[in-house]
Amino acid sequence: MKIGQPSDNPIPVSSNATPAPPKGGQGPAATATATATAAKNAQSAGVAVTVSTLARSLGADKAGEASVIDAKKVASVRSAIEQGTFVVNAEAIADKLLANAQEMLNRTTS
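Residues numbered from 1 in each chain as written. Predicted model: local features only at pLDDT ≥ 70, side-chain atom pairs only at ≥ 80, totals over all residues. Heavy atoms only, no water.

**What about the overall build of the protein?**
We count it as follows: The helix count covers DSSP runs of H or I at least four residues long, the strand count covers runs of E at least two residues long, and both are numbered beginning at the N terminus. Categorising residues by exposure relies on relative accessible area from a 1.4 Å probe, with only protein chains included: less than 20% of the type maximum marks a residue as buried, more than 50% marks it as exposed, and the intermediate range marks it as partly exposed. The Shrake-Rupley method, run with a 1.4 Å probe, gives the accessible areas here. Residue values count only the displayed protein chains as cover.
In terms of regular secondary structure, the protein is built from four helices and zero strands. Seen in sequence order, the protein has helices and strands lined up from the N terminus as α-α-α-α. Counting over 110 residues, the protein shows a buried share of 2%. For the protein, the computed accessible surface area is about 9800 Å², with 61% contributed by carbon and sulfur atoms.

Below, the structure is given as structure tokens:
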């Protein structure tokens, strides 16, 4: 597994902000104005996003590959985590990160 792969489950972004309760001394008109302003802001909270051709090409390279999961290894790692005996090999992680970065650099330069 490589770090930085696209997620299969996109995270939805929503604006469910609720207006702050009125402070003492504010009348119903002030409350209605605050509610209307909050509703207007919630409707116009979208942001336009563009994806570069480089980003599309990086995602397209791996789109056709099926991932293979070793269920026995997953079960053994899960068991070790639950028992508190799982040991992280920082050197192996660093090596994989560097190899992944080198692979990405090679792809962009060629």
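**Here's the deal with the pattern of salt bridges**
Stated precisely, the cut-off is as follows: Each reported salt bridge corresponds to a side-chain nitrogen of Lys or Arg within 4 Å of a carboxyl oxygen of Asp or Glu.
Under the definition given, this model contains one salt bridge. In this structure, E103 engages R107 in a salt bridge whose closest nitrogen and oxygen atoms are separated by 2.8 Å. One end of the pair is E103 and the other is R107, both in helix α4 (residues 90–109) and four residues apart, which spans about a single turn. Exposure remark for E103: the relative accessible area of 28% places this residue in the partly exposed category.

**Describing the environment of L54**
With respect to the element layout, L54 can be found in helix α2 (residues 53–61). Of the residues examined, L54 reaches a relative accessible area of 46% and is grouped as partly exposed.

**A word on a nonpolar patch on the surface**
What counts is decided by this rule: A patch is a set of surface residues, each over 30% in relative accessible area and not in a salt bridge, joined within 9 Å for like charges and within 5 Å for the nonpolar side chains Val, Leu, Ile, Met, Phe, Trp and Tyr.
The grouping of I81, F86, V88, I93 and L97 at the surface amounts to a nonpolar patch, some 450 Å² of accessible area in total. Following the sequence through the fold, I93 ends up in helix α4. A residue is classified by how much of its surface remains accessible, and I93, at 40% relative accessible area, is partly exposed.

**Examining α4**
Going by this rule: Expected helix span is given by 1.5 Å per residue-to-residue step, counting one fewer step than there are residues. In the analysis that follows, any N or O atom pair within 3.5 Å is treated as a polar contact, provided that within protein one partner can donate a hydrogen and the other can accept it, and provided that, for residues neighboring in sequence, both atoms belong to side chains.
Over its 20 residues, α4 extends 29 Å from the first C-alpha to the last, a length consistent with the 28 Å expected when each residue adds 1.5 Å. Looking at where α4 begins, the residue whose side-chain oxygen comes 3.2 Å from the main-chain nitrogen of E91 is N89.

**Quick look at helix α3 (residues 71–83)**
Structurally, the α-helix is built with 3.6 residues per turn, so residues lying three or four positions apart point the same way. With 13 residues, α3 ought to run about 18 Å at 1.5 Å a step, and its terminal C-alpha atoms sit 18 Å apart, in line with that. For α3, a buried count of one out of 13 residues is recorded, marking the element as mostly open to its surroundings. Positive phi appears at G84, one or two residues downstream of α3, with a value of about 80 degrees.

These values are about where atoms sit, not about what they do.
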